[in-house]
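# Notes for the structure review
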Amino acid sequence: QVQLVESGGGLVQAGGSLRLSCAASGRTFSRYGMGWFRQAPGKEREFVAAISWIGGITIYGDSVKGRFTISRDNAKNTVYLQMNSLKPEDTAVYYCAAQPDYSREYDFWGQGTQVTVSS
């Protein structure tokens, strides 16, 4: 089991930046692939970014490529999402998720943090 707690959300003007953090419990964080997803009101959940547990390979959703950066600090059991050049359409609840090395799914999810981008 792993518990995930997101932080860093808030209200920002378009063009601004925010950094989200996701702190994970457990001693095997380094063996979890980590991802960020978001869900806006009335819309389906959208993949934002992911980072592998081995090699730190990163992938991004098309809508955030070049603006968002995912990173992880295994010593702190934390994954980050640096969001730059924010747009109003980035407004959503952002969730982090953990994929254990034995699973093909994201088995653990945080409660989410609200990001609101004003125009």
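Look above for the structure.
Presented here is a report on the structure given in the accompanying data block. Along each chain, residue indices are assigned from 1 in the same order as the chain's sequence is written. Note on the predicted model: pLDDT of at least 70 is required for a residue's local features to be given, and 80 or more for side-chain atom pairs to be given and counted; whole-chain, interface and lining totals, by contrast, use all residues. Excluded from the side-chain calculations are hydrogens and water; all other atoms, namely the structure's heavy atoms, are used.

### What about the packing of aromatic side chains?
- Classification of ring pairs uses Phe, Tyr and Trp, with its six-membered ring standing for Trp, and accepts pairs whose centres are within 6.5 Å; under 30 degrees between planes counts as stacked, over 60 as edge-to-face, and the remaining range as tilted. One pass over the structure, following the stated rule, counts 5 aromatic pairs.
- Measuring from centroid to centroid gives 4.9 Å for F37 and W109, while their planes differ by 50°, and the two rings are tilted. In this pair, F37 is assigned in strand β4 (residues 32-39) and W109 in strand β10 (residues 108-109), connecting sequence segments 72 residues apart.
- Three or more aromatic residues link up through ring pairs in this structure, and these residues are F37, F47, Y106 and W109.
- One cation-aromatic arrangement involves R45 over F37; the distance from NZ or CZ to the ring centre is 5.7 Å.
- Note that R72 overlies the ring of F29, its terminal NZ or CZ placed 4.6 Å from the centroid. Only DSSP runs of H or I reaching four residues or more are called helices, and only runs of E reaching two or more are called strands; each is numbered from the N terminus. In this scheme, Lys NZ or Arg CZ marks a charge over a ring once it lies within 6 Å of the ring centre and within 35 degrees of the ring normal.

### Looking at the side chain of R72
- With respect to the secondary-structure elements, R72 resides in strand β7 (residues 68-73).
- Buried means the residue's accessible area, taken with a 1.4 Å probe over protein chains only, is under 20% of the maximum for its type, while exposed means over 50%, and partly exposed covers the values in between. Counted charges follow a simple rule, with Lys and Arg positive, Asp and Glu negative, and His plus the chain ends left uncounted. For salt bridges, the criterion is a side-chain nitrogen of Lys or Arg within 4 Å of an Asp or Glu carboxyl oxygen. Although R72 is buried, it makes no salt bridge; D73 carries the closest opposite charge, 8.4 Å away.
- Polar contacts here mean pairs of N or O atoms no more than 3.5 Å apart (in protein, one a potential hydrogen donor and the other a potential acceptor; neighbouring residues in sequence count only if both atoms are side-chain atoms). A distance of 2.9 Å separates a polar atom in the side chain of R72 from a polar atom in the side chain of N74.
- In this view, R72 contacts F29, S30, Y32, G33, M34, I51, S52, W53, T78 and V79; residues no more than four positions away in its chain are not counted. Note on contacts: a residue pair is in contact if any heavy atoms of the two residues lie within 4.5 Å.

### Topic: the environment of A24
- In this fold, A24 is placed in strand β3 (residues 18-24).
- Here the alpha-carbon distance between A24 and Q3, two residues 21 residues apart in the chain, equals 5.6 Å.
- Dropping the residues within four chain positions of it, A24 is found in contact with V2, Q3, L4, F29 and N77.

### Points about the sheet that holds strand β1 (residues 4-7)
- For two strands to pair, DSSP has to find at least two bridges joining them. If you trace the 4 strands from one edge of the open sheet to the other, you get β1-β3-β8-β7, paired in antiparallel fashion. At either end of the open sheet lies a strand with only one pairing partner, and these are β1 and β7. Looking at each pair of strands side by side, their axes are set apart by 15° on average, direction ignored. Working convention: axes come from line fits to C-alpha atoms, limited for helices to the stretch in contact. Angles between N-to-C directions cover 0 to 180 degrees.

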